[in-house]
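Each chain, letter by letter, is given below.
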Amino acid sequence: MRIGSYQLKLEKRVTLSGGEAAIISVLAIIFALALFSSIFILAEINPLFAYREIFSYAFANPYGLPLTINRFIFLLLCTSAFIIPFRAGLWNIGMTGQLYMGALGAFAVLFAFGGKEFRALDLPHGIVIPLMLIAAALGGAVLGAIAGFLKGKLDVNEIVVTMMLNFIAFWLVAHMIKEGGPFMNPGGRGESFELPPSVYAPLIRGIPFTIFIALGVTVLLYFLFAKTRIGYQIKAHGHNPAAARYAGISTFKIPLLVFTLGGAVAGLAGYHYFAAVPGVYKIARNYGYFGDLAFYGIICGLISLGNPLAAIPVALLFGGLSIGGRFVQGKLHVGFGVDYALLGVLMITLVAFQFFYRYKITWAKTGGKVRCGSSSLEV
Amino acid sequence: MQKGLLEGIKRGETVLEARGITKRFPGVVANDHIDFEIRAGEIHAVLGENGAGKTTLMNILFGLLQPDEGEIYIGGKRVRFRSPLDAIALGIGMVHQHRKLVSAHTVIENIILGHPRVGRILNLKRAEEELKELCERYGFKIDLRAKVWQLSEGEKQAVEILKALYRGAKVLILDEPTSALTPPETKKLLASIEAMARDELAIVPFITHKLPIVLAISDRVTVLRRGKVVACLETRQATEKSLAKEMVGREVIFRIERTRVEKGKPVLQVENLSALSDKGFLALNRVSFSIREGEIFGIAGISGNGQHELAEVLAGLRKAEGGRVLFDGKDITHSSILERWQMGIGYIPSERIEVGTIGDFSLVENIAMNFYFDAKFSRRGLLDYGKIRKLTKEIASEYGVVAPSPDTKAKNLSGGNLQRLILARVLSRKPRFLIANLPTRGLDVGATEFVRNKLMEAKKEKAAILLISEDLDEVLSLSDWVAPIYEGRFMGIIPGEGARREEVGAMMAGLRVKGEEA
């Protein structure tokens, strides 16, 4: 393409540094926000004002910020749960079901300790909380392992299996917490019994300790893929399963392993939302909403290109915008799901901008003189 | 675009000329000021190793790529191709190495597909008559109403040529025209090419390694090396040796001396081994043989006769249906792939891109494929990437892998370089038993020579080697024992020294020779 005396050209990138990827992503975010402001303008709201409200509520407001961070922890765990199989070339669409199983696992521990009967029970939290975490991870891992086993042993499509398991887990939760279920709230109400306050997750400045788990998992994953033998095997399987098999890497063990690990991390997300976020402390009636939220883990994982560290800012942004978007919707009386729409636009733009991960635009000045055909201009 | 630039052109006149063609790709100049010219009625071969820039030049001449610099002239007029459609309209035809035909359609349907004269209603009858004439004129024997999937490789190629001619091509670009053909098919094709040249057509075959073909048919040869034209000469003045020297840039030895090595104890014993193909029929049928230290056991045969399955069973990639495999006297029939690597078995697969390497991995990570499980390179579950990197640098230079850095992705390497990389990785494990499946297929002269020398070196170091090759000369000149394979069975096992080509060729085609069964 020619603009004035400049020749624009699309060139294939050979390499992409982390810094370049970050710049492209930031540009994509700016572009998405600019694009979305047209919606605010249509609703006769000054977009700058709207964005200031969104960001200040999400990241600088004493009420908004904790919500953002809780959502961030949840999204980051779901993203990690997606990334582990993703690096092995496999798609985990089942974080939803895995986190339900995690929640059930955590509440099963409470149930065993009698937490359902006496809410005032003084449980030894030093024992019970770790047990709840282990049970949550186990619950998710078992569900994940089913998909991994079927993939590795019989080559059953993992997308279909994880998706189906989501439904099974959803109804299993319903069975457990609704009328007559073992985890039923004594008052009915279609939700589970509440956590005894003695085993509320410890808070640090109002933030549940699960933030360290979420961040720790991403750092561990980064290390796993960059340095370890098993990480190498997972990556090899992800890029070329036939070559991995040739190199002696088991095409049964890798799918089983990544789905077990991914499921375990998703299970922890279940613990986080239903047993660690202040004000929830039960498997809520609208647990399906949190299950749907887990799907953003896929988006965050794809946008960060499977890099666990890059997932941190992405999950923070998505968490913040979903909270801030919901807030301005109420405050500015906008009649639509600002949070969903905003995340949707952002998602599409970020994915579209990944084009620039592979190509770059270069321009060169083309003097008018070249057309004269004098060879001296060929420099 | 002006059509008809080539109408009424006479023998010996320049039909197509390229001046100063330059094309750069990230990190490499694929074509560096290439001048190339072809005249009517001439067969002008373009010769070059893998990665010399042949494909790029070919794609530029056919309009698939646009040059960064340089001009193309047709019939003396400057032209610009925006796409192959422009090139076709101006009378340039191209026959790709990978066929581009609709296999469920008949020959005629394929040929008229996309022809400008074809309207909404097909006039197959007229097309058939015209095509019959073309076939007769150039000696193509094809059933025009046959479906393409029923045709052999040679016939499919003839269809592609006919298609280009029917579109009115005056310049015919042929990409590796004989690479997939059997010897009789090659002969027929060459006769047709000569007949076309007599009719004032300009033929440009692009060839990687079949030098005798170049000498047999072409009038002139242009040799490319590293993106530049290094020679353009009359074929009469060229010899196989001189062309190879121009291509590679140094003298090339064509025949490798079979080194004599003291035979040791048997390394591999195979007893009544059977295996199924991917489609589930018996591809390997009760073969038995043994290989001793310092021995090359060559399997000669046309692809699809069970040799691929044999290689995979021995490498552990395919289940044995029956029989036993002993390695150093130990039964390994059911050992895993990893166990086999660890006990000293190495496999060079025929599928370099699909199986042998991981395109998105760097060279270092590709080398790690055969070392990640070694205690030397990993401690407590951590891979020592620094050490693997050092190893990569060492063996990459020893095996002549040309790459900008050890972090280059394997997918950016040419075919020959990829094979060097695989060879480097497998051989540096010093395997006691090596399976080499089509190790030189598709490689240029220089790389082929290199691979053969490396196999000989491994042999000297007492490796037992199973060599699978479609190149009969290669098997005969390298192997201590030759086993022609036909429909999953060995037609005999004969000593490589003194084995006659005709005899082995007949056995490959299914004839048993008396005195077999070694």
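Residues numbered from 1 in each chain as written. Chains lettered and ligands numbered in written order. Predicted model: local features only at pLDDT ≥ 70, side-chain atom pairs only at ≥ 80, totals over all residues.

The helix and strand inventory of chain A stands at 15 helices and five strands. Each principal axis of the C-alpha distribution contributes one length, and for chain A these read about 95 × 60 × 35 Å. Here chain A holds 379 residues, and 45% of them are scored as buried. Put simply, of all contacts in chain A between residues at least 6 apart along the chain, 77% involve residues at least 24 apart. (Helix = DSSP H or I, 4+ residues; strand = E, 2+ residues; numbered from the N terminus. Buried ≥ 20, exposed ≤ 12 C-beta atoms within 10 Å, placed from the backbone. Contact = placed C-beta atoms within 7 Å.)

This part covers the overall build of chain B. Counting its secondary structure elements, chain B contains 17 helices and 23 strands. In terms of overall size, chain B behaves like a compact globule, its C-alpha atoms giving a radius of gyration of 25 Å where 518 residues would be expected to give roughly 24 Å. Dimensions of chain B, computed from C-alpha atoms along their principal axes, come out at roughly 75 × 55 × 45 Å. Burial analysis of chain B (518 residues in total) assigns 45% to the buried set. Put simply, 70% of the contacts in chain B that link residues at least 6 apart link residues at least 24 apart. (Rg over C-alpha atoms; globule rule 2.2 N^0.38 Å.)

Before going further, it helps to spend a moment on the domain arrangement of chain B. All names here are of chain B. What the domain assignment reports for chain B is domain 1 (14–101 + 168–248), domain 2 (266–344 + 431–443 + 457–518) and domain 3 (352–428). Each of domain 1 and domain 3 has a C-alpha centre, and these two points are 34 Å apart. The partner domain 3 presents four residues to the four residues of domain 1 that form the contact. Looking at the side of domain 1 that touches domain 3 residue by residue, the class counts come to no nonpolar, three polar and one charged. (Domains from an automatic or database assignment. Nonpolar A, V, L, I, M, F, W, Y, C, P; charged D, E, K, R; others polar.)

Between chain A and chain B, the contact holds 16 residues from the first and 23 residues from the second. When contributions to the side of chain A that touches chain B are tallied by element, the ones reaching two or more residues are α8 (229–239) and α9 (241–246) of chain A. If you tally residues by element for the side of chain A that touches chain B, the top one is α8(A), at five residues. Tallied by class, the residues present in the side of chain A that touches chain B amount to eight nonpolar, four polar and four charged.

In this section: helix α3 (residues 64–87) of chain A. All names here are of chain A. The first and last C-alpha atoms of α3 sit 34 Å apart over 24 residues, in line with the 34 Å expected at 1.5 Å per residue. Along α3, 22 of the 24 residues are buried, which leaves the element largely enclosed by surrounding structure. Positive backbone phi, approximately 80°, marks Gly 89, located one or two places after α3. (Expected span 1.5 Å × (residues − 1).)

Residues and elements named next belong to chain B. Strand order in the open sheet formed by four strands is β2-β1-β4-β5, and the pairing between neighbours is antiparallel. In this open sheet, the two edge strands, each paired with only one partner strand, are β2 (28–39) and β5 (77–79). Averaged over all neighbouring strand pairs, the angle between strand axes comes to 25°, with direction disregarded. For strand β1 (residues 14–25) and strand β4 (residues 69–74), the ladder comprises five bridges, and the chain directions are antiparallel. Note that in β4 the partner of Ala 18 across the bridge is Ile 72. (Pairing = 2+ DSSP bridges. Axes fitted to C-alpha atoms, helices over the stretch in contact; angles between N-to-C directions.)

With that settled, consider the environment of Ala275(A). Within the secondary structure, Ala275(A) is located in helix α10 (residues 253–276). Placed 143 residues apart in sequence, Ala275(A) and Met132(A) show a C-alpha to C-alpha distance of 9.0 Å.

Time to look at the environment of Ile161(B). All names here are of chain B. Tracing the backbone through its elements, the reader meets Ile 161 in helix α5 (residues 153–166). We classify Ile 161 as buried; it has 24 C-beta atoms within 10 Å. Through-space distance from the C-alpha of Ile 161 to that of Met 94 is 7.8 Å; in sequence the pair is 67 residues apart. Every residue in contact with Ile 161, bar those within four places of it in the chain, is listed here: Val 95 and Leu 172.

On to the pairing of strand β7 (residues 171–175) of chain B, then. Residue and element names in this part refer to chain B. Among the five residues in β7, five count as buried, and that is most of the element. Residue alternation in β7 divides its side chains into two sets, Val 171, Ile 173 and Asp 175 and Leu 172 and Leu 174, and both sets are buried. Bridging between strand β6 (residues 92–95) and β7 involves four bridges; their strand directions are parallel. When the bridges of β7 are listed, Ile 92 appears paired with Val 171.

Turning to the nonpolar core, a few remarks are in order. Grouped together as the largest cluster of nonpolar side chains are 195 residues, with contacts concentrated most on Leu77(A), Cys78(A), Ile465(B) and Leu467(B). Considering each element in turn, this core owes the most residues, 16 residues, to α10(A). A domain-level breakdown of this core finds at least three residues from each of domain 2 (266–344 + 431–443 + 457–518) and domain 3 (352–428) of chain B. Phe62(B), Phe206(B), Ile207(B) and Ala244(B) belong to the second largest nonpolar core, which has 67 residues in total. (Core = buried A, V, L, I, M, F, W, Y, C linked by C-beta atoms within 7 Å.)

Our focus in this paragraph is the sheet that holds strand β12 (residues 282–292) of chain B. Sheets are built from strands that pair by backbone hydrogen bonding, the pairs being arranged parallel or antiparallel. Residues and elements named next belong to chain B. One open sheet accounts for four strands, arranged β12-β11-β14-β15; its pairing is antiparallel. Looking at which strands have only one partner, the edges of the open sheet turn out to be β12 and β15 (330–331). Sheet topology note: the strand β14 (residues 322–327)/β15 ladder contains two bridges and is antiparallel. Bridge pairing in β15 links Leu 326 to Asp 331. Its contacts with the sheet place helix α9 (residues 307–315) against β11 (266–276), β12 and β14, and it is angled at close to 60° to β12.

Further remarks concern the confidence of the model for chain B. Residues with a pLDDT of 70 or more make up 95% of chain B, whose mean pLDDT is 86. Among the prediction metrics, the complex's ipTM stands at 0.82, with pTM recorded as 0.77. (pLDDT = per-residue confidence, 0-100.)

At Leu305(A), a position not held by glycine, the phi torsion is positive, near 55°. Mapping Leu305(A) onto the fold places it in the loop between α12 (296–303) and α13 (311–331). Among the residues examined, Leu305(A) registers 16 C-beta atoms within 10 Å and is labelled partly exposed. Notably, Glu176(B) is not glycine yet its phi reads approximately 45°, a positive angle.

The next subject is the pairing of strand β19 (residues 433–437) of chain B. All names here are of chain B. Counted residue by residue, β19 has five buried out of five residues, so it is predominantly covered. Neither face of β19 is left uncovered, since the one carrying Phe 433, Ile 435 and Asn 437 and the one carrying Leu 434 and Ala 436 both have all their residues buried. With four bridges joining them, strand β16 (residues 345–348) and β19 adopt parallel strand pairing. Bridged to Tyr 347 within β19 is Ile 435. Alignment of β19 against strand β20 (residues 464–469), held across five bridges, turns out to be parallel. What sits directly across from Leu 434, in β20, is Ile 465. For the segment spanning β19, helix α15 (residues 445–460) and β20, crossover handedness is right-handed. (Right-handed = clockwise from strand over helix to strand, strands pointing away.)

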